[in-house]
Amino acid sequence: MSAQQAFDRFRPETAWQAYFPTGGNRWNAEKVAHLYRRAGFGANWSEIQQGINRKPSELIASLMLGGENLTQFADEAERVTEAAIASGEPQRLKAAWLYRMLFSPHPLQERLSLFWHNHFATSQAKVDRLQAMQRQNQILRQYALGRFGPMLEQMVFDPALLIWLDAETNQRGKPNENLARELFELFTLGVGNYTEQDIKEAARALTGWTIQQGQAKFDPSRHDVGEKTILGQTGHWTTGDVVRIALSQPACAKFLVRKLFREFISETVEPSDEMLAPLVEGYRLRDYDTAWLVETMLSSWVFFSPASLQQKIKSPVDFVVGSVRCLEGRASPLKMAEACDRMNQSLFYPPSVKGWDGGKTWLNSATLLTRQNLAFALCAAPDDVHNTDPARLASRYSIQGNVELVRFFLELFHQVPDHPSLPELVAQLDQEQKQIQKRPFTSPRVANGLLARTAAHLVMTLPEMQLG
Amino acid sequence: MGTGMDFHRFRLLLLLGSLVCFGGSETTRAAERAERQLVHKNAVFVVEVRNPLQWAKHPLIEQDWKIFSQSAQLQSRLRTPEFGRVLAARDFLENASGQNWQEALDELTAGGIWIGLSPKPDERATMIFSARNGDAWNRLREAVFKMLDGQGQPRPAFEIYRGEKIYRLDESSAVIVGPRLLVGSQKRDLKRMMDQLLDDSRTAKVSLSSYENAEAAIKWEINLEAIRQLPGLQKALKHPAEDAGAVAVLGGWLDLLRQGDWLRGEFLWPKNSSEIEIKLTADSVEPGDGLAGFFTSDSEDKLAPLLEPPGTIYSASWYRDYQALWNQRDELLTPSALAKLEKADGDIKQQFSVFGVSFTPSGLFQQLGTQFRVVVARANETEYRVTLKNRLPAAALCVSLPDEPAFLAQADPLSRALGLVSAFGEAKMLTKRTEYGGAKLTGYWFRDDEKSAARGNQLRFNFNPTWTVARKHFVLGSTQKIVTQVIDELDRQAERRSTDEDSREEAALITDRQLFVFSELSGGLSDFREAIIQGSIFDRGLRLQEAESELEIAQDFLQSFGRLTTQAAFGNQNFEYQIRLSPNARILKDR
């Protein structure tokens with residue numbers, strides 16, 4: 001049964017109700033790991049085991065709230081970020097964000113920050129101000145699980161976005177339509193829900209903004225104070241009014257819900273408007289409360305069904321951060337940022353106003369090779385930039401023997417200990433074991449550690465590793 | 001048996017060998033050990049390792065291990081399979097010998113470890129491990145064979161010579177003769193050693209009695225005669241030389257290589273002392289002819305004492321007579337090199353004449369005295385109106401001047417030209433003139449108003465290069481503060497010198513002295529703390545708290561080293577270089 005078929009079996013009135021385990025639909029490692037992957041960047045072994053022993057609703061609630069020491073971590077991350085900005089190196093700013101993704105007690109917040117970064121896709125390539133990029137990033141983080149309206153209000157005054165969309169050149173008599181167009185097309189309504197005239201009128205309403213000393217400043221002399229008709233509403237509208245009018249459109253909630261569905265539920269399923277209607281309605285009624293929407297999605301029967309399980313291709317960030325988190329190790333965030341760049345997801349540098357296309361576009365022969373090489377590096381003996389030794393995991397969780405090693409890593413990464421490739425992987429390990437044992441001073445512990453590295457690498461190079 | 005040796009087995013024996021290198025015993029010292037005669041003739045490097053296990057018992061090593069073992073990073077590395085192999089080797093040794101690993105290593109190396117090496121084109125290596133008794137190596141060999149049999153691995157191929165089996169180990173060969181394990185890159189060396197051992201009963205026995213109560217040491221000899229024949233060095237040692245730069249920087253040291261027969265070294269842990277010494281001695285050399293100008297002789301000028309302002313991390317003092325070198329230039333350089341040097345001098349003179357300045361490097365060097373000193377010290381205060389997160393240490397150069405007015409005549413135009421260049425350069429620096437203790441200081445400062453300070457790399461505010469001529473010295477520092485500190489030091493030393501005639505006598509033939517203060521370097525890491533922590537986070541992936549903890553461990557580690565001093569001196573036709581490490585007794589005691 002395909003994911004679409006699985007999805008089509010749901011009815012709108014029950015699809016989004018909270019899942020609870022049943023005899024035929026058990027709460028298991030696969031579902032826990034799925035939840036951690038979508039609500040964060042993946043789970044390590046302990047998190048999976050602990051998750052199985054908790055109720056789904058409890059686990060989801062804790063993921064929504066984040067773990068302990070949030071304030072302490074915020075200070076810590078702020079210090080790292082400030083140093084990155086002071087260095088003037090964009091790579092360090094990327095690394096500072098990866099640091100948050102790796103260590104944050106609230107990974108869902110970082111995942112949504114990344115989602116909104118892709119939504120309001122702003123690139124340092126044009127902005128060329130690290131401070132401004134970070135300021136925007138902080139807004140995304142602050143409102144990641146908040147209400148969309150206030151976030152949008154902040155964003156339309158955000159210096160980085162204004163620079164990115166040429167707002168400074170949007171003046172009375174010489175309107176620049178970039179911001180107005182993206183506001184309707186990419187941020188709120190989607191194509192087909194506004195007219196060209198709406199864009200022209202909205203652009204007039206958005207005139208008058210300049211950037212002075214890194215801050216957005218309103219210059220009344222550059223603002224078009226005339227009457228405008230936007231989406232059927234007429235008045236002497238300004239920026240705040242454009243935001244209000246856009247948010248009041250029924251298309252806005254539809255557009256955002258569909259986008260969040262693709263982020264949290266499935267990239268392969270095409271949901272009908274009818275199926276999404278309960279979410280759209282709830283989102284609007286709750287004044288665009290993203291936390292409610294995300295929690296509803298993550299709790300739903302759809303989320304824990306084949307319509308959602310493994311129905312996304314891991315983005316480079318998911319692949320890199322998830323692998324390091326799974327292996328419970330340490331890796332240089334600078335090197336991780338470089339790897340993401342090579343796999344075409346350069347943080348703070350989305351390729352266009354549309355952001356990254358995602359899905360299958362993440363994979364091609366070059367990026368796949370980079371993923372395989374990264375998997376190899378992470379499973380190798382520790383060096384100065386990678387300390388993610390699978391041997392340490394095997395030792396920590398007392399996993400011994402070739403079969404058990406392969407099963408352990410299959411369960412850790414794919415939650416399928418009895419994967420069809422198990423016999424083949426074990427046979428490869430047996431072969432390697434013969435070679436390893438020829439080397440001097442290969443105690444059982446040494447051999448087990450070396451084989452753990454091979455097992456982890458073999459499992460990480462399975463096609464399923466690319467699915468999230 | 002009898003099949004070829006595989007690489008893994010070779011590694012196994014190398015590993016055993018290297019394990020043995022870390023073991024040791026209360027072995028003894030002999031004026032000329034029999035093993036010295038066994039090492040292949042014409043060896044360029046000969047190394048003797050004596051009482052190696054005592055090194056592991058040195059309080060500094062024990063202490064630093066305790067410090068390092070607190071490192072989470074180290075702990076994580078100790079859990080890798082790679083370290084597991086070391087533990088497996090240790091366990092193997094203990095099982096094979098029935099002793100703990102230290103006792104086992106002690107047994108195997110009681111007579112010391114000797115290594116002889118010759119680089120290309122000869123390219124030979126011999127190693128001798130002398131055990132306390134005749135059975136030790138044989139027992140280990142049997143254990144290794146048992147392990148190989150257990151693993152289904154073939155034993156190494158061998159050839160019998162004079163009743164002993166010479167095993168082939170990849171590119172090398174090994175044989176056990178009585179209490180000794182002999183390893184060589186060439187079989188003929190092993191056979192020669194075997195002949196010597198089997199034909200001479202005096203050599204065959206490992207002498208232990210005369211070694212008792214000797215200090216732990218690593219000793220080495222370098223055959224300078226052989227070194228001189230190395231193709232790569234012949235050009236560098238050519239006299240007169242082709243390269244004026246090499247003569248100016250390394251001339252004297254190269255001359256030592258040209259003159260000496262042997263360069264002997266010792267790495268000692270003197271008995272009942274926490275200090276560690278390294279000594280290098282070259283025989284049959286004296287500071288004459290080609291060495292003149294580089295090293296002190298019986299002239300009036302002697303080595304100046306080290307400068308030690310507060311927070312000194314590194315200090316050096318050396319003798320160099322550039323005037324003598326310039327005067328001898330036609331003897332030191334080939335005619336073509338000499339012509340190039342004089343042309344460069346003339347070219348520089350012409351370039352400066354564009355600014356209306358008369359300056360030549362040779363003129364400046366001839367005005368310098370013979371006492372050179374450098375000091376690097378922590379900079380505790382910033383002299384700019386900015387707050388620095390990362391503070392670099394300050395450095396100063398101090399050179400004696402026989403004739404201040406003549407030097408100033410050379411240096412002033414240069415300083416004016418530099419001031420001009422710095423003012424109109426990208427940084428638009430300011431020239432500031434101040435006075436300190438009667439000395440006139442000239443400094444070049446970056447602009448630190450709010451607008452200028454916000455731009456560019458903040459590290460530049462660690463520098464405000466300053467120079468002065470004071471107390472018959474030219475002082476050039478990276479900051480004004482360190483220049484004033486050097487002036488204070490010169491005053492303090494002048495005062496002390498007038499009441500301390502003995503130290504002048506003692507320093508008669510010392511030609512170079514250096515000091516590293518690790519405890520200050522440890523503190524210096526705090527001044528650069530932010531950059532180090534960020535490096536650990538971004539480059540190595542540590543969390544903030546982990547990076548802070550690792551830095552503290554590194555600081556404790558450095559602190560434990562205390563002070564390291566070096567000294568180069570001429571004695572009676574020999575040259576001695578001494579390095580002494582004086583660990584921080586307080587840290588050793590506290591921890």
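Conventions we followed
- Residues numbered from 1 in each chain as written.
- Chains lettered and ligands numbered in written order.
- Predicted model: local features only at pLDDT ≥ 70, side-chain atom pairs only at ≥ 80, totals over all residues.
- Heavy atoms only, no water.
- Helix = DSSP H or I, 4+ residues; strand = E, 2+ residues; numbered from the N terminus.
- Buried < 20%, exposed > 50% of the residue type's maximum accessible area, 1.4 Å probe, protein only.
- Contact = heavy atoms within 4.5 Å.
- Areas by Shrake-Rupley, 256 points an atom, 1.4 Å probe, with all protein chains shown as cover.
- Rg over C-alpha atoms; globule rule 2.2 N^0.38 Å.
- Lys, Arg positive; Asp, Glu negative; His and termini not counted.
- Charge placed at Lys NZ, Arg CZ, Asp CG, Glu CD.
- Axes fitted to C-alpha atoms, helices over the stretch in contact; angles between N-to-C directions.
- Parallel < 35°, antiparallel > 145°, perpendicular 65-115°, else oblique.
- Left-handed = near helix turned anticlockwise from the far one by under 90°.
- Nonpolar A, V, L, I, M, F, W, Y, C, P; charged D, E, K, R; others polar.
- Buried area = accessible area lost by both parts, 1.4 Å probe.
- Salt bridge = Lys/Arg side-chain N within 4 Å of Asp/Glu carboxyl O.
- Polar contact = N/O pair within 3.5 Å; in protein donor to acceptor, adjacent residues only side chain to side chain.
- Core = buried A, V, L, I, M, F, W, Y, C linked by side-chain atoms within 4.5 Å.

## Thoughts on the overall build of chain B
Within chain B, the regular secondary structure consists of 25 helices and 20 strands. Across the 591 residues in chain B, those meeting the buried criterion constitute 48%. Counting only contacts in chain B whose residues sit at least 6 apart along the sequence, the fraction spanning at least 24 positions is 71%. As displayed, chain B has an accessible area near 28100 Å², and 54% of this comes from carbon and sulfur atoms.

## A closer look at the overall build of chain A
Per the secondary structure count, chain A includes 25 helices and 6 strands. For 468 residues, the compact-globule estimate of 2.2 N^0.38 gives 23 Å, and chain A sits close to it at 24 Å. With the C-alpha coordinates aligned to their principal axes, the bounding extent of chain A is approximately 85 × 55 × 40 Å. The proportion of buried residues among the 468 residues of chain A is 59%. Look at the contacts in chain A between residues 6 or more apart in sequence, and 72% of them connect residues 24 or more apart. Of the side-chain charges in chain A, 50 are positive and 51 negative, and the distance between the mean point of each set is 2 Å.

## Section: the packing of helix α13 (residues 178-188) of chain A against helix α14 (residues 196-205) of chain A
Residues and elements named next belong to chain A. α14 packs onto α13 with a crossing angle of 130° between their chain directions and a minimal axis gap of 8 Å. In terms of axis orientation, α13 runs oblique to α14. Like other packed secondary-structure pairs, α13 and α14 cross with a definite hand, here right-handed. Judged by residue contacts, Ala180, Arg181 and Phe184 of α13 engage Glu196, Asp198, Ile199, Ala202 and Ala203 from α14. For the contact of α13 with α14, the class distribution of residues is 5 nonpolar, no polar and 3 charged.

## What about the interface of chain B and chain A?
Across the boundary between the two partners, chain B contributes 35 residues, which contact 37 residues of chain A. Roughly 3200 Å² of surface becomes buried between chain B and chain A when both sides are summed, with 53% attributable to carbon and sulfur atoms. On the chain B side of the interface with chain A, the three residues burying the most area are Arg85, Phe538 and Arg543 of chain B, jointly 23% of the side's total. Across the chain B-chain A interface, the total number found is 5 salt bridges. Glu82 of chain B is the partner of Arg453 of chain A in a salt bridge, and the nearest nitrogen-oxygen pair spans 2.7 Å. If you look at where chain B meets chain A, you find 14 residue pairs in polar contact (both at pLDDT 80 or more).

## Side note on the nonpolar core
One finds Leu35, Leu112, Trp116, Phe148, Phe184, Leu298 and Phe409 of chain A to be the most contacted residues of the largest nonpolar core, which totals 177 residues. Here this core takes 10 residues from helix α25 (residues 444-460) of chain A, the largest share from any one element. Not counting the four nearest positions on each side in its chain, Phe409 of chain A is found in contact with Leu327, Pro390, Leu393, His414, Ala452, Ala455, Ala456 and Val459 of chain A. In terms of nonpolar packing, the next biggest core, distinct from the first, is built from 41 residues, Phe295, Ala417, Phe446 and Val469 of chain B among them.

## Let's talk about unusual backbone geometry
Between His239 of chain B and the following residue, Pro240 of chain B, the backbone shows a cis peptide bond with an omega angle of 0°. Secondary-structure assignment places Pro240 of chain B in the loop between α12 (231-236) and α13 (244-259). With a phi angle near 55°, Asp128 of chain A is a residue other than glycine that sits in the positive phi range. Mapping Asp128 of chain A onto the fold places it in the loop between α9 (124-127) and α10 (130-142). Exposure remark for Asp128 of chain A: the relative accessible area of 59% places this residue in the exposed category.

## Looking at the packing of helix α5 (residues 56-65) of chain A against helix α18 (residues 290-299) of chain A
For any two helices packed against each other, the geometry is given by the interaxial angle and the distance between the axes. Residue and element names in this part refer to chain A. With their axes 10 Å apart at the nearest point, α5 and α18 run at an angle of 150° to one another. Looking at the two axes, α5 sits roughly antiparallel to α18. Our pair here, α5 against α18, has a crossing hand that is right-handed. Every residue of α18 that contacts α5 at Ile60, Ala61 and Met64 is listed here: Ala291, Val294, Glu295, Leu298 and Ser299.

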